[in-house]
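A structural walkthrough
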Amino acid sequence: MCATDSASPVRPDADMAEIAGVTRFWRELGLPGIVDVHTHFMPRNVMDKVWAYFDAAGPLVGRPWPITYRDDEDTRVARLREFGVRRFTSMIYPHKPGMAEWLNAWGADFAARTPDCLHTGTFYPERGAADYVGAAIESGARVFKSHIQVGDYSPLDPLLDDVWGRLEDARVPIVIHCGSGPAPGTYTGPEPIAQLLARFPALPLVVAHMGMPEYGAFLDLAERYPDVRLDTTMAFTDFAEADVPFPRTDVPRLAALGDRILFGSDFPNIPYRYLHALEALTTLGLDESWLRGVVHDNAAALFDLPAPQPA
Ligand SMILES: [Zn+2]
């Protein structure tokens, strides 16, 4: 073993191999990188609580869930950059009243110091929600997160009426965890979302996790409402397939909705490596143009990303 420069610590071989693998994945598709619409960055004390919850395999998680990328924030950001992720998000979400506005302040600050993070906001059904959502939009929020399972609120709560109205008017996408995986919540499932879209038909929802496990019913909604998209977060991976396999008969529907499916990873809170989430997409047997859309081009268009600088 040779002496190492303390300023450049030796990286584990597995890390280097993964960086090479992820980079090769998008390069071979002829892409300038990845856009990952579903990554979690949040205040340190909140992230610690989330990790403790996963460690304890709490009821909303339902099974052992080792966190693969339990690093400090700078290391996590650096790793996404090493992977070639051009843009990512900071999915923040409250589980009680009085928390969303504080999270939004953190999200704005994080985006200001992390230019490749799409400024992310959130909300909770509470008095004043439409005002702080409006303020976040005015201050540049590009995407919102709604977590129906953890937040344990109905998307039809009247306190959210003006929130949805503002987001629909401003055409700001909302990544919404509304499927009943990994464990159902009081208000999860497609029915409340169908009612929400009946009232706000142009709401740009991004259904997280492909709506797992109610894949088909959420595909129905995407087929009906042209502004509804889905993110691939955790879907098609060995971890998800073991529990709630995506129905192979619905694969042609994924092809038809190819311009409205966006890659998401749930980094860093995933019980497998990032590369696996990308490779899982190739198990569907869809062509390279579908992969290019999902891994980069669809989200690049949605968020109006500048053309990459030539290398
Ligand atoms: Zn997530």
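Structure: see above.
Here's a quick rundown of the structure. The structure displayed is predicted, hence computed values, not measured ones.

For the rest of this paragraph, the subject is the coordination of the zinc ion. Bound to the zinc ion on the protein side are H38 (NE2), H40 (NE2) and D266 (OD), at distances that span 2.0 to 2.1 Å. Within one chain, the residues serving as donors to the zinc ion are arranged as H-x1-H-x225-D. Grouping residues by exposure puts H38 and H40 together as buried.

We now examine the pattern of salt bridges. In the structure shown here, the tally under the stated rule is 20 salt bridges. Among the ionic pairs, D116 bridges to R81, the shortest N-O distance being 2.7 Å. Within this pair, whereas D116 is found in the loop between α4 (100–113) and β3 (117–118), its partner R81 is found in helix α3 (residues 73–83), the two being separated by 35 residues in sequence. Its relative accessible area of 11% is what places D116 among the buried residues. E288 is the salt-bridge partner of R292, the closest N and O atoms lying 3.7 Å from each other. Of this pair, R292 and E288 both sit in helix α13 (residues 288–302), four residues apart, roughly one helical turn. On the basis of relative accessible area, R292 is assigned to the partly exposed category, the value being 27%.

Thresholds applied
- Residues numbered from 1 in each chain as written.
- Predicted model: local features only at pLDDT ≥ 70, side-chain atom pairs only at ≥ 80, totals over all residues.
- Heavy atoms only, no water.
- Donors = N, O, S within 2.8 Å, 3.2 Å for Na, K, Ca; no water.
- Buried < 20%, exposed > 50% of the residue type's maximum accessible area, 1.4 Å probe, protein only.
- Salt bridge = Lys/Arg side-chain N within 4 Å of Asp/Glu carboxyl O.
- Helix = DSSP H or I, 4+ residues; strand = E, 2+ residues; numbered from the N terminus.

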